[in-house]
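Chain residues, written in single-letter form:
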Amino acid sequence: MSATLIYGERDAILIDAPHLEEQSRQVAEWVLASGKNLVAMYATHGHGDHWFGFSEVAKHFPDARMIATEGTVALAEFTAGQRMAFWNSQFPGQIVKDIVLPEVIDDYTFLLEGEEVRFVEAGDSDGPDTTFVHVPSIGLVVAGDIVYNGVHPYLAGGERARPLPERRADWIAAIDKIAAVHPRAASPAWRRALRHHPWRRVLVLAEFQRVALAGQPWWLSPPLKRYGARSHQSRSARATYRPNVR
Ligand SMILES: [Zn+2]
C-alpha cells in the first residue's frame, strides 16, 4: 500500500497511511524527514489499510487534521468495529493500536498554500464510496484503490452486498471518473514499485484492469489500442520508463 505526500513550500497533506504499526512509524519518519509541516491526512476510502496509521503519524504532527468523506468515515467505522477481528486475524499483533476515526469533511476542496487539492467521489470500486485525490496544478491523481499496478483487483470485500457484475461495472465507472480529469500522472495504492506513474502508463494498467473486470479479452478493448498497449507489453518500453512527478 502506498502513502502519498503532497507538499508546497512549507505545508503538506498526506494521502492514506498503512494499517500496520511498524509501517505507519516508517511513514511518520518519512514525513518528518521531508521537513514539511503536515497540516492534514486524507483517507481515500474506509478500508483500514488506508487510515489506521493516521494516529501513529499524528504522534509527530498533533495539529494535523484527519479527514475523509462521509462515505469513507461510515466504512471506517464499520472497518474499525465489526471488521476489526478480521484485521487482527490477518495481522496478529501488528495493527495500529490507538486508531482514531477521521472527521467528515464539509468541503471537497482543500487549499494547500493556495493550490487546490480536490477530493473526488468515485462511487464503489474495491469497497463502497471510494474517492480519489486530484491536484489540478500538477496534474496529479492519487488513485487510492481504484487503480492498482500489477495486483489483482480486490472484489472480495463485499461490504455492500450486490451482484458481482454490478460491482465490476461500478469499478469501471470509477476508473472512467479518473480518466475524465485527464491526469498527467497517477499514483495507484497497490503496486509493485514505489513511484508515481505517467498517466499514459497508468491508463494502460487501468485498461487491463477494466477489461479484466468486464471479463473481456484485452485485445478487444479499443482504448488499449488507442493508449498504447503495445508499449506496455514491450520490455524495452518498461526499461526506459521514467516517472514525471516526484
Ligand atoms: Zn481498499
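### Describing the overall build of the protein chain
Counting secondary structure elements, the protein chain contains nine helices and eleven strands. Counting over 246 residues, the protein chain shows a buried share of 50%.

### What to know about the coordination of the zinc ion
Bound to the zinc ion are the protein donor atoms His-45 (NE2), His-47 (ND1), Asp-126 (OD) and Asp-145 (OD), situated 2.1 to 2.2 Å from the metal. Each of the four donor atoms around the zinc ion contributes to a set of angles spanning 85 to 167°, which defines the coordination as irregular. Written as a sequence motif, the donor residues of the zinc ion are H-x1-H-x78-D-x18-D. Here Asp-145 lies in the loop between β9 (140-144) and α5 (164-180) and His-47 lies in the loop between β3 (37-42) and α2 (54-58), a separation of 98 residues in the sequence.

### Considering the pattern of salt bridges
According to the stated counting rule, one finds seven salt bridges in the structure shown. Here Arg-10 makes a salt bridge to Asp-11, at a shortest N to O gap of 3.8 Å. By relative accessible area, Asp-11 is classed as buried at 14%. Across the salt bridge formed by Glu-116 and Arg-118, the nearest N and O atoms sit 2.6 Å from each other. The exposure class assigned to Glu-116 is partly exposed, which follows from its relative accessible area of 30%. A relative accessible area of 32% places Arg-118 in the partly exposed class.

### With respect to the sheet that holds strand β4 (residues 65-68)
Across a sheet, paired strands are connected by hydrogen bonds in the backbone, their directions being either parallel or antiparallel. Pairing within the open sheet is mixed, and its five strands lie in the order β1-β2-β3-β4-β5. A single partner strand is all that each edge strand has here, and the edge strands are β1 (4-7) and β5 (103-104). Note that strand β2 (residues 11-15) and β3 share five bridges and pair parallel. Note on β3: the bridge partner recorded for Ile-13 is Ala-40. Along the sheet, helix α1 (residues 21-34) contacts β1, β2 and β3; its crossing angle with β1, the most-contacted strand, is approximately 20°.

### Thoughts on the nonpolar core
Within the largest apolar cluster, 27 residues are counted, with the highest numbers of intra-cluster contacts made by Leu-14, Val-31, Leu-38, Met-41, Phe-52, Phe-54 and Val-57. If we ignore the near neighbours within four places in the chain, the residues touching Leu-14 are Ala-3, Thr-4, Leu-5, Val-27, Trp-30, Val-31, Leu-38, Ala-40, Met-41, Tyr-42 and Val-57. Listed in part, the 16 residues of the second largest apolar core include Tyr-42, Ile-67, Phe-110 and Leu-140.

### Concerning unusual backbone geometry
For Glu-113, which is not a glycine, the phi torsion comes out positive at approximately 50°. Structurally, Glu-113 can be placed in the loop between β6 (109-112) and β7 (115-123). Backbone geometry at His-182 places phi at a positive 50°, although glycine is not the residue there. Here His-182 is to be found in the loop between α5 and β10 (185-188).

### Section: the pairing of β4
Sheet analysis places β3 next to β4, joined by three bridges and oriented parallel. Directly across from Met-41, in β4, lies its bridge partner Met-66. Across two bridges, the pairing between β4 and β5 is parallel. Bridge pairing in β5 links Ile-67 to Glu-103.

### Considerations on the side chain of Thr-44
Its location among the elements puts Thr-44 in the loop between β3 and α2. Not counting chain neighbours up to four residues away, the residues in contact with Thr-44 comprise Ile-15, Asp-16, His-50, Thr-72, Thr-130, Thr-131, Val-133 and Gly-144.

### Considerations on the side chain of Ser-125
Mapped onto the elements of the fold, Ser-125 is located in the loop between β7 and β8 (130-135). Taking relative accessible area as the criterion, Ser-125 reaches 3% and is therefore assigned buried. Side-chain polar atoms of Ser-125 contact the side chain of Thr-130, separated by 2.8 Å. Setting aside anything within four residues of it in sequence, one finds Ser-125 in contact with Thr-130, Asp-145, Ile-146, Trp-171 and Ala-174.

Conventions and cut-offs
Residues numbered from 1 in each chain as written. Predicted model: local features only at pLDDT ≥ 70, side-chain atom pairs only at ≥ 80, totals over all residues. Heavy atoms only, no water. Helix = DSSP H or I, 4+ residues; strand = E, 2+ residues; numbered from the N terminus. Buried < 20%, exposed > 50% of the residue type's maximum accessible area, 1.4 Å probe, protein only. Donors = N, O, S within 2.8 Å, 3.2 Å for Na, K, Ca; no water. Tetrahedral: all angles 85-135°; square planar, octahedral: opposite > 155°, others 65-115°. Salt bridge = Lys/Arg side-chain N within 4 Å of Asp/Glu carboxyl O. Pairing = 2+ DSSP bridges. Contact = heavy atoms within 4.5 Å. Axes fitted to C-alpha atoms, helices over the stretch in contact; angles between N-to-C directions. Core = buried A, V, L, I, M, F, W, Y, C linked by side-chain atoms within 4.5 Å. Polar contact = N/O pair within 3.5 Å; in protein donor to acceptor, adjacent residues only side chain to side chain.

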